[in-house]
Amino acid sequence: MIPTTPPVEAPAAPSATIAAAPLTLGSAQLVPEQGSPTLEQPADSSPLPTQSDPNVEDVVEAEEVVEGGYYETDNDSGYSFEDTGSSTTSLADSVKQYRRENGRTYHSFREGVYALPNDEFEQERLDLQHHLFLLSFGEKLFLAPIKKQIHNCLDVGTGTGIWAVDFADEHPEAQVIGIDLSPIQPGFVPPNLKFIVDDAEDEWVISEKFDLIHVRMMVGSFLNWPQFFTRAYNQLHPGAYIELQDVTGLACDDTTFTYDPPSCRFAEWWKLVTEAFEKSGRDMDAAVQHKERMEAAGFVNVTVIDFKWPINTWPRNKKLKTIGMWSKENTLDALEALAMAPLTRVLKWTPEEVQMLLQGARQDIENEGIHAYWNIRAVYGQRPE
Ligand SMILES: C[S@@+](CC[C@H](N)C(=O)[O-])C[C@H]1O[C@@H](n2cnc3c(N)ncnc32)[C@H](O)[C@@H]1O
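Residues numbered from 1 in each chain as written. Predicted model: local features only at pLDDT ≥ 70, side-chain atom pairs only at ≥ 80, totals over all residues.

- Going by what an unreviewed UniProt entry lists, the protein is known as Methyltransferase domain-containing protein and is assigned to Pseudogymnoascus verrucosus.

Dropping the structure here:
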């Protein structure tokens, strides 16, 4: 998030604005020009290797995948790629050239930074997962006890933007910004919402301060969480909140599932996924440390609330059974999304070996004799008044 040229105001559009060329958020240009030093990976960055990977099929143009429903053209979607010169135009184009690998597509801006696909199948999973959060949170979008009116909200790693859209609808008085590496957000959204293609691990140079920063399901995304918390802290008004909602792994309260040693292929899958992410410097267990890292960054009143998502409909409790029904679909769809790139790129498995593992894991997820559940954790904290 470093400005490299004088800021250019995003055009006022009746719908969302996606910036894939220089664009301002307050005084900041959130997407650097191609060829600028900021397009380089940060010194401490270690994206998953992708360039010479034998599993790469080709690069797919976003426009090409319109037929498959992945993406609309910027003309008909309401996206605005501001044309301020040839280099920025080509950056805007390259953002839309998704990488296709082992039957999935992946983001191209800062290629390799994020290991999950961005195709329609994954987008549907993210939207389903949003529904799971609403079920768990009693239809609330956040749990922080915010009393004051929210004027500015930032959704980091917004994905399909489904949370940001709901939030903008519920808070028409607030200006909402969603940022993500992938331009996979819808075109027609509330007028108080805009989307920006950006890397949240870049330096933040934003004049705007926020009343709420929302960060959901971002474990496995960042290399440097302490740095992220410090930046978020500096970007909040005194008294304002950050809230993170994430997964802290799999658990079981009886003997039908153990993670270490893995009692089944599904447990083995999670162990391998976390190992591959860890090797790439992106910790899948990061949420376990959110509280202490937030306190180290200066946040106060840090509160942790845990939820359970059973992996299928094994519980007797009616609410948990319903959550389990949705969670099962989410887990089945997440199997390949979470494993394919990390296991082939980092652990050097073949795609066929990954598919064999997934086949076994699928059977375990269907098995109601396995009483495993996902631990889901919401953590919120406040910048002191
Ligand atoms: C698991 S998805 C969650 C999406 C959304 N928060 C939700 O809960 O529906 C993680 C998202 O974070 C984005 N992401 C990962 N690393 C990022 C980064 N460094 N900067 C911006 N977005 C990032 C990915 O592109 C992806 O859309």
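1. Regarding the site of the ligand
Then comes step 1: What surrounds the ligand is a group of 21 residues, the closest being G157, G159, A200, R216 and S221.
Then comes step 2: Breaking the shell around the ligand down by element, the ones donating at least two residues are α3 (120-136), α4 (162-170) and β8 (175-180).
Then comes step 3: In the shell around the ligand, the residues fall into ten nonpolar, seven polar and four charged. (Near = placed C-beta within 6 Å. Helix = DSSP H or I, 4+ residues; strand = E, 2+ residues; numbered from the N terminus. Nonpolar A, V, L, I, M, F, W, Y, C, P; charged D, E, K, R; others polar.)

2. Looking at the packing of helix α8 (residues 318-346) against helix α9 (residues 351-366)
Then comes step 1: One way to put it is that α8 packs onto α9 with a least axis distance of 10 Å and a crossing angle of 155 degrees. In terms of axis orientation, α8 runs roughly antiparallel to α9. The element α8 and its partner α9 pack so that their crossing is right-handed. In contact with K328, T331, L332, L335, E336, A339, M340, L343 and T344 of α8, α9 contributes P351, V354, L358, A361, R362 and I365. (Axes fitted to C-alpha atoms, helices over the stretch in contact; angles between N-to-C directions. Parallel < 35°, antiparallel > 145°, perpendicular 65-115°, else oblique. Left-handed = near helix turned anticlockwise from the far one by under 90°. Contact = placed C-beta atoms within 7 Å.)

3. Brief notes about the nonpolar core
Then comes step 1: Membership of the largest hydrophobic core comes to 90 residues, with the highest contact counts inside it found for I213, I242, W269, V273 and A339.
Then comes step 2: The residues contacting A339, other than those within four sequence positions of it, are W269, V273, V354 and L358. (Core = buried A, V, L, I, M, F, W, Y, C linked by C-beta atoms within 7 Å. Buried ≥ 20, exposed ≤ 12 C-beta atoms within 10 Å, placed from the backbone.)

4. Focus: unusual backbone geometry
Then comes step 1: Cis geometry marks the peptide bond from D260 to P261; its omega dihedral reads 5 degrees.
Then comes step 2: The backbone of N102 shows a phi angle near 50 degrees, a positive value even though the residue is not glycine.
Then comes step 3: The phi dihedral of N301 falls on the positive side, at around 50 degrees, and the residue is not glycine.
Then comes step 4: As for its placement among the helices and strands, N301 is situated in strand β12 (residues 300-310).

5. Some points on the pairing of strand β9 (residues 193-197)
Then comes step 1: Most of β9 is tucked away, with five of its five residues classed as buried.
Then comes step 2: Burial along β9 is two-sided: L193, F195 and V197 and K194 and I196, pointing in opposite directions, are all buried.
Then comes step 3: As defined by bridge partners, β8 adjoins β9 across five bridges and the pair is classed as parallel. When the sheet's bridge partners are listed, I177 is paired in β9 with K194. (Pairing = 2+ DSSP bridges.)

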